[in-house]
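Read off the chains here:
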Amino acid sequence: MKKTLFATLALAAGAAFAYPDKPITIVVPFAAGGPTDKVARDFAEALRKPLGGASIVVENVGGAGGTLGANKVAKAAPDGHTLLLYHIGMSTSASLYRNLPYKTLDDFEYLGMINDVPMTLIGRPTLPANNYAELVKWLGDNKGKVNLANAGLGAASHLCGLLFQQSLKMEMTTVPYKGTAPAMTDLIGGQVDIMCDQTTNTTPQIEGGKVKAYAVTTTSRLTTPALKNLPTLDEAGLKGFNVSIWHGLYAPKGTPKAVVDKVNAAMREALKDPEFIKRQEALGAVIVTDDRVTPAGHKKFVAAEIDKWGAAIKAAGQYAD
């Protein structure tokens with residue numbers, strides 16, 4: 001028995017030392033071209049060097065608000081070669097889906113958080129309102145006629161829109177799309193009126209004058225040139241409104257600690273990569289530098305987010321199953 005135990009430990013230690021010994025797949029549980037996909041591809045590029053030039057492939061596994069991709073990773077071999085990069089949906093799916101095929105806090109190894117992405121409230125280019133005060137008046141004058149787009153039930157844009165309606169005590173016609181790209185296309189084309197979405201997706205459209213921008217969802221103004229003059233929803237009257245779409249990295253439960261530690265160390269180096277920082281800052285994203293970059297800090301934060309969003313989703317009575 002002792003010989004078997006020592007052999008197992010030696011094998012695990014050897015595997016960790018050799019890691020990675022084949023290409024790493026980072027699963028993004030959304031379609032290619034969306035904001036989370038953009039973060040993943042930039043991050044994968046920054047992660048290669050601290051992992052010794054490892055081959056890293058981004059695989060898009062969309063569907064069911066991100067839960068299909070998450071479940072694929074939960075069921076994958078726990079060797080560190082299949083990872084999950086997921087946004088706030090990692091916490092909200094625990095309430096949106098009452099029959100999840102995995103346990104959010106139990107079926108993954110938490111590797112650390114990558115960034116916080118503020119959101120922006122934007123409107124179609126032909127909307128009469130030119131600032132937030134005018135937007136609120138226009139919304140009030142058009143009750144029952146306003147179309148609020150989102151990228152699908154459970155998407156970041158859906159969650160932000162949900163809180164926006166609750167905060168205004170105003171119900172709008174929600175128009176869900178199969179992804180951010182088609183929602184943005186229709187907003188630009190004037191088929192829908194407003195949308196709340198991540199700065200990683202909205203900043204280029206705002207810079208190009210393709211949409212109207214009204215406010216940001218953080219409690220402090222942003223410094224990104226295209227967004228720095230936008231008020232926060234908090235200062236505009238929705239006190240306490242604060243929505244940030246964060247991204248974290250996960251591995252299947254049971255991944256050896258040595259591998260978890262190695263990936264976390266590589267993550268910390270990747271988050272210091274000047275090119276990655278430059279790309280994220282240009283899109284309004286903020287690199288995580290606090291305790292959430294640690295596996296323990298990351299998991300503690302997600303547990304708190306599950307409680308926070310669970311209450312909001314229950315109050316709205318909106319579920320995805």
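Residues numbered from 1 in each chain as written. Predicted model: local features only at pLDDT ≥ 70, side-chain atom pairs only at ≥ 80, totals over all residues. Heavy atoms only, no water.

So, on to the packing of aromatic side chains. In total, this model carries six aromatic pairs according to the counting rule given. Seen in terms of ring centroids, Phe-30 and Tyr-86 are 5.9 Å apart; in terms of plane orientation they differ by 55°. Their pairing is tilted. You can see Phe-30 sitting in the loop between strand E1 (24-28) and helix H2 (35-48) and its partner Tyr-86 sitting in strand E3 (residues 82-86), a full 56 residues away along the chain. Tyr-86 sits in the buried class, given a relative accessible area of 0%. (Phe/Tyr/Trp six-rings, centres within 6.5 Å; stacked < 30°, edge-to-face > 60°. Helix = DSSP H or I, 4+ residues; strand = E, 2+ residues; numbered from the N terminus. Buried < 20%, exposed > 50% of the residue type's maximum accessible area, 1.4 Å probe, protein only.)

Okay, the pattern of salt bridges next. Evaluation of the coordinates by the stated rule reveals 14 salt bridges. A salt bridge links Arg-41 to Asp-37, with the shortest nitrogen-to-oxygen separation between them at 2.9 Å. Placement of the pair is Arg-41 and Asp-37 together in helix H2, with a separation of four residues, close to one helical turn. By relative accessible area, which is 39% here, Arg-41 ends up partly exposed. On the basis of relative accessibility, which here comes to 5%, the residue Asp-37 falls in the buried class. The closest approach of N and O atoms between Lys-308 and Glu-305, which form a salt bridge, is 3.9 Å. Taken together, the residues Lys-308 and Glu-305, both in helix H11 (residues 295-316) and three residues apart, mark about one turn of the helix. Lys-308 sits in the partly exposed class, given a relative accessible area of 40%. Within the structure, one salt-bridge network assembled from shared partners comprises Lys-38, Asp-42, Glu-275 and Arg-279. (Salt bridge = Lys/Arg side-chain N within 4 Å of Asp/Glu carboxyl O.)

This paragraph deals with the packing of helix H7 (residues 180-189) against helix H8 (residues 199-207). As a packed pair, H7 and H8 sit with axes 12 Å apart at the nearest point and diverge in direction by 25°. By the angle class used here, H7 and H8 are roughly parallel. Crossing hand, H7 versus H8: right-handed. Mapping the contact onto sequence places Thr-180, Met-184 and Ile-188 in H7 and Asn-201, Thr-202 and Gln-205 in H8. Its residues assigned to classes, the contact of H7 with H8 shows two nonpolar, four polar and no charged. (Axes fitted to C-alpha atoms, helices over the stretch in contact; angles between N-to-C directions. Parallel < 35°, antiparallel > 145°, perpendicular 65-115°, else oblique. Left-handed = near helix turned anticlockwise from the far one by under 90°. Contact = heavy atoms within 4.5 Å. Nonpolar A, V, L, I, M, F, W, Y, C, P; charged D, E, K, R; others polar.)

Below, the discussion takes up the pairing of strand E2 (residues 56-60). Pairing between E1 and E2: five bridges, direction parallel. Looking at E2, one finds that Val-28 is bridged to Asn-60. (Pairing = 2+ DSSP bridges.)

In the segment running from Tyr-19 into Pro-20, the intervening peptide bond is cis, with an omega of -5°. Inspection of the secondary structure puts Pro-20 in the loop between helix H1 (2-18) and E1. Non-glycine residue Ala-64 carries a positive phi angle of around 55°. Mapped onto the fold, Ala-64 is located in the loop between E2 and helix H3 (67-74). Its relative accessible area of 37% is what places Ala-64 among the partly exposed residues. Backbone geometry at Lys-169 places phi at a positive 55°, although glycine is not the residue there. Tracing the sequence through the fold places Lys-169 in the loop between helix H6 (156-168) and strand E6 (173-176).

Now for the environment of Ile-245. Relative to the helices and strands, Ile-245 is located in strand E9 (residues 244-252). Remark: the alpha-carbon pair of Ile-245 and Thr-203, spanning 42 residues in sequence, is separated by 15 Å. Setting aside residues no more than four positions away along its own chain, Ile-245 makes contact with His-87, Ile-88, Asn-115, Asp-116, Val-117, Met-119, Ala-156 and Gln-198.

Bringing H2 into the picture now. With 14 residues, H2 should reach 20 Å at 1.5 Å per residue; the first-to-last C-alpha distance of 21 Å fits that figure. Where H2 is concerned, the buried positions are Pro-35, Thr-36, Asp-37, Val-39, Ala-40, Asp-42, Phe-43, Ala-44, Ala-46 and Leu-47. (Expected span 1.5 Å × (residues − 1).)

A separate point is H3. Among the residues of H3, those classed as buried are Thr-67, Gly-69, Ala-70, Val-73 and Ala-74. All buried residues of H3 lie within an arc of 160° about the axis, which places them on one face of the element. Looking at the buried positions of H3, the neighbouring elements they touch are E1, E3, helix H4 (89-96), strand E4 (108-123) and E9. (Arc of directions from axis to C-beta.)

Before going further, it helps to examine the environment of Pro-295. The topology assignment puts Pro-295 in helix H11. Taking the C-alpha atoms as reference points, Pro-295 and Thr-202, 93 residues apart in sequence, are found 30 Å from one another. Those residues in contact with Pro-295 that lie beyond four places of it in its chain are Tyr-110, Leu-111, Val-260 and Asn-264.

Judged from the four bridges that link them, strand E5 (residues 147-150) and E6 form a sheet pairing that is parallel. Counted as the bridge partner of Leu-148 is Thr-174 from E6. Tracing the backbone out of E5, into H6 and back to the parallel element E6 gives a crossover that is right-handed. (Right-handed = clockwise from strand over helix to strand, strands pointing away.)

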